[in-house]
Amino acid sequence: MAHKPRKEMIAETRAKLIAAARKAFAEKGYAEASMDDFTAEAGLTRGALYHHFGDKKGLFAAVVMQIDGEMNEQLHAISAKAPSRWQGFLDENLGYLEMALDPEIQRIVLRDGPAVLGDPSLWPETMGCITTITASVERLKDEGVVADVDAEAVARLICGASAYAASWIGNAEDPRAALASAIPAFKALMEGLLPRA
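What counts as what
- Residues numbered from 1 in each chain as written.
- Predicted model: local features only at pLDDT ≥ 70, side-chain atom pairs only at ≥ 80, totals over all residues.
- Heavy atoms only, no water.
- Salt bridge = Lys/Arg side-chain N within 4 Å of Asp/Glu carboxyl O.
- Helix = DSSP H or I, 4+ residues; strand = E, 2+ residues; numbered from the N terminus.
- Buried < 20%, exposed > 50% of the residue type's maximum accessible area, 1.4 Å probe, protein only.
- 1 Å grid on protein atoms, 1.4 Å probe; cavity = no way out; pocket = protein on both sides within 12 Å on 5 of 7 lines; lining within 4 Å.
- Points joined across faces, edges and corners; volume = space filled by probe spheres on them.
- Nonpolar A, V, L, I, M, F, W, Y, C, P; charged D, E, K, R; others polar.
- Axes fitted to C-alpha atoms, helices over the stretch in contact; angles between N-to-C directions.
- Parallel < 35°, antiparallel > 145°, perpendicular 65-115°, else oblique.
- Left-handed = near helix turned anticlockwise from the far one by under 90°.
- Contact = heavy atoms within 4.5 Å.

A. Focus on the pattern of salt bridges. Following the criterion strictly, the structure yields 6 salt bridges and no others. With a closest N to O distance of 2.7 Å, Glu 70 and Arg 22 form a salt bridge. Here Arg 22 lies in helix 1 (residues 6-28) and Glu 70 lies in helix 4 (residues 56-81), a separation of 48 residues in the sequence. For Glu 70, a relative accessible area of 31% translates into the label partly exposed. By relative accessible area, Arg 22 is classed as buried at 13%. Linking Glu 104 and Arg 22 is a salt bridge whose minimum nitrogen-to-oxygen distance equals 2.8 Å. Here Glu 104 is found in helix 6 (residues 103-117), whereas its partner Arg 22 is found in helix 1, with 82 residues between them in sequence. Counted as one network, the salt bridges with shared partners bring together Arg 22, Glu 70 and Glu 104.

Structure representation (structure tokens):
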């Protein structure tokens, strides 16, 4: 039987460790999850974890990046279904707030993420979000849908507001009630971008 190419074996090992860690972080939280949880679940050694991720924090960062990528795909799908670019932009941002109801996102991204990885505004994923929102605002400006404002400034403000709101929702005693309060307020903020009559 032929051996798998090295690149494929590396990808499989990384995927196994990320899947095992994601499960442990979601169930136990970062502090309580141990490297033995990840390696036993994945059927691998600690050496494999150290080799591919450096340490527990490196593996956690990879899990956050994976979840962030999945969130972005879902948000893109939400936006693509909208009848207009503006509605897609609005729906995408509101969709982010709704994701704060997901227990895995609450625990890994909204609670443990900032505690382990530091200020979310400095995460590499955040710059990607700002770039995407900046491009959306530029297109909406070109079409005359939103007022002539600095697109990057708007993107940074939206990212900050949505991240803070998601954290509030995800950590609230009643996340559904927090979301119900956040949605109309966030819509009102977004509608402030529309040109005045």
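Back to the text.
B. The arrangement of the layout of surface pockets in detail. Its volume calculated, the largest pocket comes out at about 930 Å³. Around the largest pocket, the lining is made up of 38 residues, and of these Tyr 96, Cys 129, Ile 133, Cys 159 and Ser 162 lie nearest the centre. Every element with two or more residues in the lining of the largest pocket is listed here: helix 4, helix 5 (85-99), helix 6, helix 7 (124-142) and helix 8 (151-171). For the lining of the largest pocket, the element with the most residues is helix 7, which contributes 9 residues. Partitioning the lining of the largest pocket into residue classes produces 17 nonpolar, 14 polar and 7 charged.

C. Region of the structure containing the packing of helix 4 against helix 5. Interaxial distance between helix 4 and helix 5 falls to 8 Å at its minimum, and their mutual angle equals 140°. Between helix 4 and helix 5, the crossing angle belongs to the class labelled oblique. The element helix 4 and its partner helix 5 pack so that their crossing is right-handed. Every residue of helix 5 that contacts helix 4 at Met 71, Gln 74, Leu 75, Ile 78 and Ser 79 is listed here: Gly 88, Phe 89, Asp 91, Glu 92, Gly 95, Tyr 96 and Met 99. Here the contact of helix 4 with helix 5 is composed, by residue class, of 6 nonpolar, 4 polar and 2 charged.

Function-wise, these values are silent; they only describe arrangement.
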